[in-house]
Amino acid sequence: MTEIPPVIPAKRRLLFVDDEPCVLDGLRDLLRGRRREWDMVFAGSAEAALAELEKQPFDVVVSDMRMPVMDGAQLLRAVQQRWPGTVRLILSGHTDQEAADRAIGVAHQFLTKPCDAGTLAETIERTLRVIALLDSDALRGSVGRVQSLPARPRVHASIVEKLRDENATNEDIAALLEQDMGLVARVLQMSNSGFFGLPRRITRLADAVGFLGQRTVENLALATAVYGSDKPLRGIDTQALQKHAMHVGSLARRLVDDKDLVDDAFVAGMLHDLGIILLASNLPEQFAESLAELARAPRPLHEVEYQCWGVSHAEIGAYLLGLWNLPLPLVEAVAQHHRPDSTRPASELTTVLHVADALAHECSAARCAVESASAPALDMVYLEAIGSLDRVEAWRDIARELQANLEEAA
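Residues numbered from 1 in each chain as written. Predicted model: local features only at pLDDT ≥ 70, side-chain atom pairs only at ≥ 80, totals over all residues. Heavy atoms only, no water.

A.B. asks: Mind showing me how you'd approach the overall build of the chain here?
C.D. replies: Looking only at helices and strands, the chain has 21 helices and 5 strands in total. When burial is assessed residue by residue, the chain has 56% of its 410 residues classed as buried. Taking the intrachain contacts of the chain between residues at least 6 apart in sequence as the baseline, contacts between residues at least 24 apart amount to 72%. As presented, the chain carries roughly 17100 Å² of accessible surface, and 49% of it is formed by carbon and sulfur atoms. (Helix = DSSP H or I, 4+ residues; strand = E, 2+ residues; numbered from the N terminus. Buried < 20%, exposed > 50% of the residue type's maximum accessible area, 1.4 Å probe, protein only. Contact = heavy atoms within 4.5 Å. Areas by Shrake-Rupley, 256 points an atom, 1.4 Å probe, with all protein chains shown as cover.)

A.B. asks: Quick question: what am I supposed to make of the packing of aromatic side chains here?
C.D. replies: The geometry of an aromatic ring pair is captured by two quantities: the separation of the ring centres and the angle between the planes. All told, the structure shown has 1 aromatic pair when counted by the stated rule. R253 extends its terminal NZ or CZ atom over the ring of F266, reaching a point 4.2 Å from the ring centre. Sitting over the ring of Y306, R339 keeps its end group 3.6 Å from the ring centre. (Phe/Tyr/Trp six-rings, centres within 6.5 Å; stacked < 30°, edge-to-face > 60°. Lys NZ or Arg CZ within 6 Å of the ring centre and 35° of its normal.)

A.B. asks: Would you mind going over the pattern of salt bridges with me for this structure?
C.D. replies: Taken as a whole and judged by the stated rule, the model has 17 salt bridges. With its nearest N and O atoms 3.3 Å apart, the salt bridge here joins R12 to D59. With R12 in strand β1 (residues 12-17) and D59 in the loop between α2 (46-55) and β3 (60-63), this residue pair connects regions lying 47 residues apart in the sequence. No difference in accessibility class separates R12 from D59, as the two residues are buried. The residue R396 makes a salt bridge to E362 at a minimum N-O spacing of 2.4 Å. With R396 in helix α21 (residues 392-409) and E362 in helix α19 (residues 348-363), the pair connects residues that are 34 residues apart, well separated along the chain. Given the relative accessible area of 14%, R396 is considered buried. Relative accessible area serves as the criterion here: at 42%, E362 is assigned to the partly exposed category. (Salt bridge = Lys/Arg side-chain N within 4 Å of Asp/Glu carboxyl O.)

A.B. asks: Honestly, the side chain of R13 in this entry has me stumped. Any pointers?
C.D. replies: When you line up the elements, R13 lands in strand β1. Within polar-contact distance, the side chain of R13 engages the side chain of D39 at 3.0 Å. Excluding residues within four positions of it along the chain, R13 makes contact with D39, Q56, P57, F58, D59 and V60. (Polar contact = N/O pair within 3.5 Å; in protein donor to acceptor, adjacent residues only side chain to side chain.)

A.B. asks: Honestly, the sheet that holds strand β5 (residues 109-112) in this entry has me stumped. Any pointers?
C.D. replies: Strand pairing in a sheet takes place through backbone hydrogen bonds and is either antiparallel or parallel in direction. Spatial ordering of the open sheet is given by β2-β1-β3-β4-β5, a layout of 5 strands whose pairing is parallel. Both outer strands of the open sheet, β2 (38-43) and β5, are each paired with one neighbouring strand and no more. On average, adjacent strands in this sheet sit at an angle of 20° to one another, irrespective of strand direction. In this sheet, β2 lies alongside β1 in parallel orientation, the contact comprising 6 bridges. Bridging from a neighbouring strand, R12 pairs with W38 of β2. (Pairing = 2+ DSSP bridges. Axes fitted to C-alpha atoms, helices over the stretch in contact; angles between N-to-C directions.)

A.B. asks: It is not clear to me how unusual backbone geometry should be interpreted in this structure. Could you clarify?
C.D. replies: Residues apart from glycine generally show negative phi values, whereas peptide bonds are mostly found in trans. One non-glycine residue, V69, adopts positive backbone phi at about 70°. On the secondary structure map, V69 appears in the loop between β3 and α3 (72-82). At S372, a position not held by glycine, the phi torsion is positive, near 70°. Looking at the secondary structure, you find S372 in the loop between α19 and α20 (380-385).

A.B. asks: How should the environment of S364 be read in this particular structure?
C.D. replies: In this structure, S364 sits in the loop between α19 and α20. Among the residues examined, S364 registers a relative accessible area of 26% and is labelled partly exposed. When the C-alpha atoms of S364 and H247 are compared, they prove to be 9.3 Å apart, with 117 residues separating the residues in sequence.

A.B. asks: Please clarify how helix α5 (residues 117-131) should be interpreted in this entry.
C.D. replies: Residues lying three or four places apart along an α-helix face the same way, a consequence of the helix completing one turn every 3.6 residues. Given a rise of 1.5 Å per residue, 15 residues ought to cover 21 Å, and the 21 Å separating the end C-alpha atoms of α5 matches this to within 8%. Restricting attention to buried positions, one finds in α5 the residues L120, A121, T123, I124, R126, T127, L128, V130 and I131. (Expected span 1.5 Å × (residues − 1).)

Given below as structure tokens:
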């Protein structure tokens, strides 16, 4: 069973950094009611913050962007390098493009000043719930070092070319973005960050492109290409992984009954295996351990991951997406897509993602994207528990139809 658990009773340590004493006093007042739950420290400069971190690590650092000597982006980069398991948030009244560009890669989320107590506390609370997804300091630290996800150079070049075409529409650009999971994740991360003050979540890529603007999307594409590795990922057929993601996203979009979830279902399908990319590119030793075990006894990858270190690529991918402030139901669906929970009210998004992933594997003629892994199967006990067992054959027909369409388009 995989779920986003409640925050544990033990106190979490939070560090707030701002060079204006009145701002720190205001934060103390805003969060006074949380003192029994959180151990909060307030630092008046980046240098003071680093000194506090040297004494004892923190779960979350919330920093102002513009500070003398060392600004927020520089501070968070130092935190990323030295305490990578710490979640990094920017709290700033300066929402200019330069600040956004500099914070890409070091801040998980952005919050704007003035920030009311409810919004700030809710964001931190949600962050702590996401932290609980990975109950391992070592794994959180490794994921915390991730600045970006690998992007295929060909896709990046196509996006830049399309962005510079004055006749290109947001839909044209979104269609190119959909070819690469890393770029999808980065664009959605930025469009859903509080830095831009949008009052609603964005999951439709064309809307994200329109909201962010072409320059920001181009910068994100370039940053992803720079940070991403051009080296082949050991043990992974990246082309097969991309095709599988497209199939799962398209299938999940077809299977969902609530039409308000259509875009969420597609994005969840596109991003559900991001954890595999993270493991292979940023945690090669752990991934190699899984590959060695698969070679000894082939079975679904997530089963081996649980056996080796108690967590799978599902939770690891969901953890990063959660830190990037994507909608919680989407994060939960990604975390649970191999192990949906029949003991709690079923989320439609979780159900369609689990079904789409299993059926896309089942009907694909191509081998699994990960060496020696076998395809995960439908959880029939779960489907029976939620009363959906009689829909499996109809879902299977849709999966086969989509697979045929994808093969024809290729």
